[in-house]
Amino acid sequence: MTGLTKVILSEQDMPTHWYNIAADLPTAGVELPPPLNPATGEPLGPDGLAPIFPMALIMQEVSTERYIEIPDQVQEIYKLWRPTPLYRARRWEEALDTPARIYYKYEGVSPAGSHKPNTAVPQAYYNMKEGVTRLTTETGAGQWGSALSFACQMFDIECKVYMVKVSYEQKPYRKLLMQTWGATVVPSPSTQTNAGRAILAADPDSTGSLGIAISEAVEEAALRDDTKYALGSVLNHVLLHQTVIGQEVIKQLEIFEEEWPDVIVGCTGGGSNFGGLAFPFLRENIVNGKQTRIVAVEPAAAPSLTRGRYAYDFGDTAQMTPLMKMHTLGHDFVPAPIHAGGLRYHGMSSLVSAVKAAGLIEAVNVQQKAIFDAALSFTRAEGILPAPEASHAVLGAMQEALRCKESGASETIVFNLSGHGHFDLTAYESYLDNQLVDYEYPEAAIEASLAHLPQVA
Ligand SMILES: *Cc1c(COP(=O)(O)O)cnc(C)c1O
């Protein structure tokens with residue numbers, strides 16, 4: 001008897017509420033600085049966000065309620081792929097020859113292949129409820145664009161996606177998936193917005209970035225009455241929606257008869273899959289004295305948590321968003337075109353930034369060849385092909401497992417396998433052909449863009 005390989009909860013065991021860590025941060029002495037109006041430097045009230053977001057999501061953004069009920073219609077759609085499985089990586093443990101027990105939560109079973117529909121569906125739902133008929137958004141690797149295209153299709157909403165140009169060119173199949181779900185997709189920077197035209201005028205060869213694509217999508221939403229904007233990460237309400245992940249894991253570990261985990265690992269682009277897995281565990285650290293280490297893994301090409309400054313900055317390149325206090329590399333920092341397009345962001349969620357600044361979580365940054373080494377090791381043992389973004393968490397978990405091998409500690413490691421890499425095979429091709437490059441650590445570029453942070457009193 002070798003014990004369980006995976007645990008799949010029944011639909012009756014799905015969480016009925018999202019968990020809001022803002023309710024428990026005061027207990028840890030952590031303050032959450034409010035977003036600011038860039039024109040006045042004053043805190044931005046809910047009305048300040050009303051042109052681009054529906055009021056229900058704005059209220060979640062500022063909520064300090066501990067648990068927020070998941071609407072029935074959203075729960076029904078969640079059931080298309082939730083609850084998601086939690087696996088014990090028995091074969092990979094053996095391959096790594098580690099005494100650690102490694103578990104991974106697999107979010108790649110969703111229609112879009114990642115955790116992103118967990119928030120796309122409620123975002124489309126609340127927009128539909130308030131009569132919105134069009135949504136704009138940005139996408140990096142195409143994961144968020146696909147998730148929102150799918151979610152808009154569920155509620156009969158039009159969807160327009162600005163896709164970072166380097167990904168648009170590297171990933172034609174993601175674009176086709178979005179179009180299949182009814183969305184319109186344009187490469188960013190585009191000539192359709194002032195923000196896009198300004199970037200192209202300065203740099204006609206711009207490969208784009210999430211920061212630029214956000215500017216384009218926000219601009220269009222702000223200028224049209226029928227259109228609002230949806231963001232796939234970073235914001236409090238997005239991390240809130242993702243907490244279904246960690247809540248399920250807690251129940252699944254019980255069925256594995258597992259003690260409380262020693263280490264939680266997640267990759268961080270804007271922080272949503274990481275927060276979604278980690279925050280229900282961080283609550284136990286804060287409230288019940290548990291001592292789980294929580295580790296964020298980010299790319300060396302966009303090292304916001306490990307190298308960024310904890311300061312107020314814009315969420316986008318063209319300075320259209322409110323100022324948010326976060327770990328930032330500067331809003332005009334453009335990360336190298338690594339294959340993990342979903343991690344190419346200059347900033348970080350305010351919630352994740354605040355808990356990092358308070359020392360409640362750890363962070364490391366890693367280079368792209370090492371993440372593909374780890375992804376190959378993982379997929380050859382476990383079968384699932386990780387997305388390049390998720391492979392950052394795979395590497396983080398592997399480093400912890402190898403540390404355990406060295407020390408002989410039989411720790412419990414849980415990581416989030418945030419998505420599959422079936423649309424990322426060009427990246428794997430370049431790895432297998434030995435064409436994959438590590439970009440030089442962008443020290444000088446970070447220094448330069450940090451010099452342009454907005455002045456806040
Ligand atoms: C978008 C994406 C990420 C990064 O976004 P977060 O908000 O940091 O989670 C990570 N993994 C996958 C598979 C993604 O699609």
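Keep in mind it's a predicted model, so treat the numbers as computed, not measured. (Residues numbered from 1 in each chain as written. Predicted model: local features only at pLDDT ≥ 70, side-chain atom pairs only at ≥ 80, totals over all residues. Heavy atoms only, no water.)

Help me out: how do you make sense of the layout of surface pockets in this one?
Gaps left between atoms show up when a probe the size of a water molecule is rolled over them. Taken as a whole, the largest pocket holds about 600 Å³ of empty space. What lines the largest pocket is a set of 35 residues, and nearest its centre among them are Pro-35, Glu-61, Leu-235, Asn-236 and Met-324. Those elements that place two or more of their residues in the lining of the largest pocket are helix 1 (55-62), helix 9 (210-223) and helix 10 (236-242). By residue number, the principal contributor to the lining of the largest pocket is helix 1, which donates five residues. When grouped by side-chain class, the residues that make up the lining of the largest pocket number 25 nonpolar, nine polar and one charged. The space that makes up the second largest pocket amounts to roughly 180 Å³. Together, 13 residues line the second largest pocket, and Gly-48, Ile-52, Met-320, Thr-321 and Pro-322 are the ones closest to its centre. Its residues placed into classes, the lining of the second largest pocket shows nine nonpolar, four polar and no charged. (1 Å grid on protein atoms, 1.4 Å probe; cavity = no way out; pocket = protein on both sides within 12 Å on 5 of 7 lines; lining within 4 Å. Points joined across faces, edges and corners; volume = space filled by probe spheres on them. Helix = DSSP H or I, 4+ residues; strand = E, 2+ residues; numbered from the N terminus. Nonpolar A, V, L, I, M, F, W, Y, C, P; charged D, E, K, R; others polar.)

Mind showing me how you'd approach the pattern of salt bridges here?
Close approach of charged atoms allows side chains of opposite charge to pair. Under the counting rule described, the total for this entry stands at 20 salt bridges. Here Lys-105 makes a salt bridge to Glu-248, at a shortest N to O gap of 2.6 Å. With Lys-105 in strand 5 (residues 101-106) and Glu-248 in helix 11 (residues 244-255), this residue pair connects regions lying 143 residues apart in the sequence. Using a relative accessible area of 0% as the deciding quantity, one classes Lys-105 as buried. Given a relative accessible area of 1%, Glu-248 falls into the buried group. Here Lys-171 ties to Asp-424 by a salt bridge, and the two come within 2.3 Å at their closest N and O atoms. Of this pair, Lys-171 sits in the loop between helix 6 (165-170) and helix 7 (172-180) while Asp-424 sits in the loop between strand 15 (412-417) and helix 17 (425-432), and the two are 253 residues apart along the sequence. (Salt bridge = Lys/Arg side-chain N within 4 Å of Asp/Glu carboxyl O. Buried < 20%, exposed > 50% of the residue type's maximum accessible area, 1.4 Å probe, protein only.)

When you look at the nonpolar core in this model, what are you seeing that I'm missing?
One recurring pattern in soluble globular proteins is that nonpolar side chains are buried together. Counting residues in each nonpolar core, the largest one holds 68 residues, and the members touching the most others are Trp-18, Tyr-78, Val-121, Leu-148, Phe-279 and Val-352. The element that contributes the greatest number of residues to this core is helix 12 (residues 272-288), accounting for seven residues. Residue assignment places this core across two domains, with domain 1 (6-14 + 81-113 + 243-450) and domain 2 (17-43 + 51-68 + 115-236) each supplying three or more. If we ignore the near neighbours within four places in the chain, the residues touching Val-352 are Leu-239, Gly-271, Phe-274, Phe-279, Leu-305 and Ile-361. Ala-100, Val-263, Ile-338 and Leu-417 belong to the second-largest nonpolar core, a separate cluster that totals 44 residues. (Core = buried A, V, L, I, M, F, W, Y, C linked by side-chain atoms within 4.5 Å. Domains from an automatic or database assignment. Contact = heavy atoms within 4.5 Å.)

How should I be thinking about empty space enclosed by the protein in this particular structure?
Under the counting rule described, the total for this entry stands at five cavities of 30 Å³ or more. Taken together, 30 residues make up the lining of the largest cavity; nearest its centre are Lys-116, Leu-210, Ser-233, Gly-270 and Gly-342. When contributions to the lining of the largest cavity are tallied by element, the ones reaching two or more residues are strand 6 (134-139), helix 5 (143-154), helix 9, helix 12 and helix 16 (388-407). Shared between two domains, the lining of the largest cavity takes at least three residues from each, and those domains are domain 1 (6-14 + 81-113 + 243-450) and domain 2 (17-43 + 51-68 + 115-236). The space that makes up the second largest cavity amounts to roughly 50 Å³. Along its surface, the second largest cavity is lined by Gln-170, Lys-171, His-339, Pro-388, Phe-423, Asp-424, Thr-426 and Ala-427. Across the lining of the second largest cavity, the residue classes break down as three nonpolar, three polar and two charged.

Honestly, the packing of aromatic side chains in this entry has me stumped. Any pointers?
Aromatic rings considered in pairs are described by the distance between their centres and by the relative angle of their planes. Considering all chains together, one arrives at 17 aromatic pairs under this definition. Considering the side-chain rings of Tyr-19 and Tyr-67, the 5.7 Å spacing of their centres and the 45° angle between planes classify their relative orientation as tilted. A residue pair is termed long-range when its members are at least 10 positions apart, and Tyr-19 in strand 2 (residues 17-19) and Tyr-67 in strand 3 (residues 67-69) qualify at 48 residues. With relative accessibility at 2%, the residue Tyr-19 sits in the buried group. With 5.1 Å between their ring centres and 70° between their planes, Tyr-125 and Tyr-126 make a pair best called edge-to-face. Note on Tyr-125: relative accessible area 9%, which makes it buried. With a relative accessible area of 10%, Tyr-126 lands in the buried category. Here the aromatic cluster, defined as three or more aromatic residues joined through ring pairs, consists of Tyr-87, Trp-92, Tyr-104, Phe-378 and Phe-415. Its guanidinium or amino end placed over the ring of Tyr-168, Lys-175 lies 4.8 Å from that ring's centre, counting from NZ or CZ. (Phe/Tyr/Trp six-rings, centres within 6.5 Å; stacked < 30°, edge-to-face > 60°. Lys NZ or Arg CZ within 6 Å of the ring centre and 35° of its normal.)

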